[in-house]
Amino acid sequence: MYTASDLRKGLRIMLDDDPYIVVDFQFVKPGKGQSLYRCKLRNLLVGTMVDRTFREVDTFKPADMQEKTMQFLYREGDHYNFMDTESYEQIHLMEEQIGDAKNFLIDNMEVRILLFRDRPIDITLPNFVDLVVTEAPPWIKGDTVSGNYKPVILETGYKVAVPPFIEQGEKIRIDTRSGEYLTRVKE
Amino acid sequence: MNTDWKLSRRKVALETRAALIQAVREFFLSRNYLEVETPQRIPAPAPEAHIDAFLSEEWFLQTSPEVCMKRMLAAGYPRIFQICRCFRRHERGDRHLPEFTMLEWYRAGIDYHDLMEECEDLFLFLVGKMRGERSLEYRGEKIDLGKPWGRISVRDAFDLFATISMTVSLEKGLFDETLVRDIEPRLGRGKPTFLYDYPAALGALARTKRQDKGLAERFEIYLSGLEIANGFSELTDPDEQRRRFEEENRRRRLAGKGVCPLPDRFLESLRHLPESAGIALGVDRLAMIFCDASSIDEVVAFTPEEL
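About the criteria used
- Residues numbered from 1 in each chain as written.
- Chains lettered and ligands numbered in written order.
- Predicted model: local features only at pLDDT ≥ 70, side-chain atom pairs only at ≥ 80, totals over all residues.
- Helix = DSSP H or I, 4+ residues; strand = E, 2+ residues; numbered from the N terminus.
- Contact = placed C-beta atoms within 7 Å.
- Rg over C-alpha atoms; globule rule 2.2 N^0.38 Å.
- Buried ≥ 20, exposed ≤ 12 C-beta atoms within 10 Å, placed from the backbone.
- Pairing = 2+ DSSP bridges.
- Axes fitted to C-alpha atoms, helices over the stretch in contact; angles between N-to-C directions.
- Arc of directions from axis to C-beta.
- Nonpolar A, V, L, I, M, F, W, Y, C, P; charged D, E, K, R; others polar.
- Parallel < 35°, antiparallel > 145°, perpendicular 65-115°, else oblique.
- Left-handed = near helix turned anticlockwise from the far one by under 90°.
- Core = buried A, V, L, I, M, F, W, Y, C linked by C-beta atoms within 7 Å.
- Domains from an automatic or database assignment.

Draft legend 1. Spotlight on the overall build of chain A. The helix and strand tally for chain A stands at one helix and 16 strands. A principal-axis box enclosing the C-alpha atoms of chain A has dimensions of 55 × 55 × 25 Å. The contacts of chain A with a sequence gap of at least 6 include a subset with a gap of at least 24, amounting to 45%.

This is the structure in structure tokens:
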């Protein structure tokens, strides 16, 4: 059982007998008032979004799901195809089910696919992925002020802010949970 | 390779925050306030239905310096301020940290309306010091800090912005939800707003209005929908205060929460508390406004998750 204080982005819970994932989460507490947990949730079966506000006393069942390791094969339109690394069985997820994960998916990457009653419904990426910078503005020499940053584009098309010394062709590590740059990867 | 890049990126915000805190000090010192320090670890915080204190051995970490500061006020310190750490369990979000910095100040001989004016003066001083102007931009919205700010009573705000009245929302137990969803986002737009005269049950340490015992002389400051301070005329009646604390504890018990011991010495000291008003202002949120930050994470060196 989860309580309201366990709510966070990415948590999967049962709500009215359907599995949902928390896609946006805001803790609010008016002065002297009670804690409120405002959530935007996506129904993992049909993809619809709902807004719900929970109180401290509310509890939730975790969504009971199976998880399998699969390899990302290729994308075809809005179908993302994966292969079970044990059974070699292939499945696909739709683009809206993939969500932000599409920013970090590269061919042959191993991911965790979630199944609810044998139906693939969601994806979990490794916490860290290494991606190549395909477009970067040049490093202006002398710009060494710590805290400065510049936008670059990665091989997946994802835009991210990085320190000024990162150059085109380099590999960087991204935290897939926050979508933020972590460090430069030396090969 | 610098792996604490996130921390490096906060440098500008942390410099702004430090300058802001210096300016706050300057304001209060120029008005003959005494800066005080009271213990963070205390035997009994003020019991409140929805604020949970961390245990520290058999004592508690303060959820606010209110109890100690009001004892000082009662003992003959008429103008005091403090910038200190406060701790509240289970509070974490874009605007909340379980450990945060509070500015509190108390002043004898004034009521909550006088205190609202002092808040206006403080912000005008800060923006003048930090920006050399009387306005600032927060999240793309220009906020004019010139006097007077907007003032609206809680009752009027419900009538204006919500679909149910304040009274009905209290009866149905929907006060907090309605406030958060329908009212707060509309406050402090273009200039700050004082939301004032709260239901008496929502001001455990505030004096009630002489003309209407159902309302507490309490206000909150909103800026661009963000709540940043809570002030009130102080309750000076120890018997009434004890009843209110017992009521707060009763509500805690109903919610299955631990009951707090009563701060007896504080209650005794209320006999000597002069007519006064006091306020708690979230320094991290103040820094968010001056740093144009959307999350409290951006204005502290470390969030609990980063430790």
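Draft legend 2. Structural context of the overall build of chain B. Counting secondary structure elements, chain B contains ten helices and 13 strands. Relative to the globule expectation of 19 Å for 307 residues, the C-alpha radius of gyration of chain B, 19 Å, shows essentially globular dimensions. The C-alpha extent of chain B, read off along each of the three principal axes, is 55 × 45 × 40 Å. Per-residue burial over chain B gives 44% buried out of 307 residues. Put simply, of all contacts in chain B between residues at least 6 apart along the chain, 68% involve residues at least 24 apart.

Draft legend 3. The sheet that holds strand S8 (residues 79-84) of chain A, seen in detail. All names here are of chain A. Across the sheet, which stays open at both edges, the five strands sit in the order S9-S8-S7-S10-S11 with antiparallel pairing between neighbours. Taken across any chain shown, the strands that pair with only one partner, and hence form the sheet edges, are strand S9 (90-94) and strand S11 (119-124). Across this sheet, the average inter-strand angle for adjacent strands is 45°, counted without regard to direction.

Draft legend 4. Quick peek at helix H5 (residues 154-161) of chain B. Residues and elements named next belong to chain B. Among the residues making up H5, those that are buried are Val-154, Ala-157 and Phe-158. Along the long axis of H5, the arc covered by the buried residues comes to 100°, so they all point the same way. Buried residues in H5 make contact with strand S9 (150-153), helix H6 (166-171), helix H7 (175-183) and strand S10 (193-199).

Draft legend 5. Region of the structure containing the pairing of strand S13 (residues 150-154) of chain A. All names here are of chain A. Strand direction decides the pairing type here: strand S12 (residues 128-135) and S13, joined by two bridges, are antiparallel. Bridge pairing in S13 links Val-133 to Leu-154. Examined bridge by bridge, S13 and strand S14 (residues 159-162) share four bridges and lie antiparallel to one another. The residue bridging Pro-151 from the neighbouring strand is Ala-161, located in S14. Taking the residues between adjacent antiparallel strands as the criterion, S13 and S14 are bridged by four residues, where Gly-157 takes a positive phi near 95°.

Draft legend 6. Quick peek at the interface of chain A and chain B. Residue-level contacts link 20 residues of chain A with 25 residues of chain B. Among the secondary structure elements, those contributing two or more residues to the side of chain A that touches chain B are strand S3 (18-28) and strand S16 (180-185) of chain A. Of the residues in the side of chain A that touches chain B, the class split is seven nonpolar, ten polar and three charged.

Draft legend 7. Highlighting the environment of B:Asp121. Tracing the backbone through its elements, the reader meets B:Asp121 in helix H4 (residues 112-131). Each C-alpha atom, one on B:Asp121 and one on B:Ala53, is 32 Å from the other, the two residues being 68 residues apart in sequence.

Draft legend 8. The arrangement of the packing of helix H2 (residues 11-30) of chain B against helix H10 (residues 283-291) of chain B in detail. All names here are of chain B. For the pair H2 and H10, the least separation of the axes is 9 Å and the interaxial angle reads 120°. One finds that H2 runs oblique with respect to H10. In the crossing of H2 with H10, the sense of the turn from one axis to the other is right-handed. Only Val-283, Leu-286, Ala-287, Phe-290 and Cys-291 of H10 make contact with H2, whose side of the interface consists of Ala-13, Thr-16, Arg-17, Leu-20 and Ile-21. Classifying every residue of the contact of H2 with H10 gives eight nonpolar, one polar and one charged.

Draft legend 9. Structural context of the nonpolar core. Membership of the largest hydrophobic core comes to 91 residues, with the highest contact counts inside it found for B:Leu195, B:Leu281 and B:Leu286. At seven residues, the largest contribution of residues to this core is made by H4(B). Ranked by size, the runner-up nonpolar core spans 23 residues in total, among them A:Met70, A:Leu93, A:Phe104 and A:Leu154.

Draft legend 10. Molecular detail of the domain arrangement of chain A. Residues and elements named next belong to chain A. Looking at chain A, the domain boundaries give domain 1 (2-60), domain 2 (66-124) and domain 3 (128-185). The straight-line distance from the C-alpha centre of domain 1 to that of domain 2 is 25 Å. Facing the five residues of domain 1 at the interface are four residues of domain 2. Classifying every residue of the side of domain 1 that touches domain 2 gives four nonpolar, one polar and no charged.

Draft legend 11. Expanded view of unusual backbone geometry. That bond from B:Lys147 to B:Pro148 is cis: its omega, -5°, falls within 30 degrees of zero. For B:Pro148, the position within the fold is in the loop between strand S8 (141-144) and S9. Even without being a glycine, A:Arg117 presents a positive backbone phi close to 45°.

Draft legend 12. Representation of helix H3 (residues 66-74) of chain B in the model. Residues and elements named next belong to chain B. Taken across its nine residues, H3 has seven buried, putting it largely inside the fold. Every buried residue of H3 is accounted for by Glu-66, Val-67, Cys-68, Met-69, Lys-70, Leu-73 and Ala-74. Tucked into the core, H3 has its buried residues touching strand S2 (41-42), strand S5 (79-87), strand S6 (99-108), helix H9 (264-269) and strand S13 (276-282). Just downstream of H3, Gly-76 is the residue with a positive phi angle, here 100°.

Draft legend 13. Fine view of the environment of B:Pro238. All names here are of chain B. When you line up the elements, Pro-238 lands in helix H8 (residues 238-254). It is 6.6 Å that separates the C-alpha atoms of Pro-238 and Glu-268, two residues lying 30 residues apart in sequence. Those residues in contact with Pro-238 that lie beyond four places of it in its chain are Leu-267, Glu-268, Leu-270 and Arg-271.

Draft legend 14. Just the sheet that holds S3(A), in detail. Residue and element names in this part refer to chain A. Strand order in the open sheet formed by four strands is S2-S3-S4-S5, and the pairing between neighbours is antiparallel. Where the open sheet ends on each side, the last strands, each with one partner, are strand S2 (12-15) and strand S5 (49-55). Strand-to-strand twist in this sheet, taken as the mean axis angle between neighbours without regard to direction, amounts to 45°. With eight bridges connecting them, S3 and strand S4 (residues 36-43) associate as antiparallel partners. The residue of S4 that forms the bridge with Tyr-20 is Asn-43.

Draft legend 15. View of the environment of B:Glu240. All names here are of chain B. By the secondary structure assignment, Glu-240 is in helix H8. Judged by the 13 C-beta atoms lying within 10 Å of it, Glu-240 falls in the partly exposed class. Sequence separation between Glu-240 and Leu-267 is 27 residues; the distance between their C-alpha atoms is 9.8 Å.

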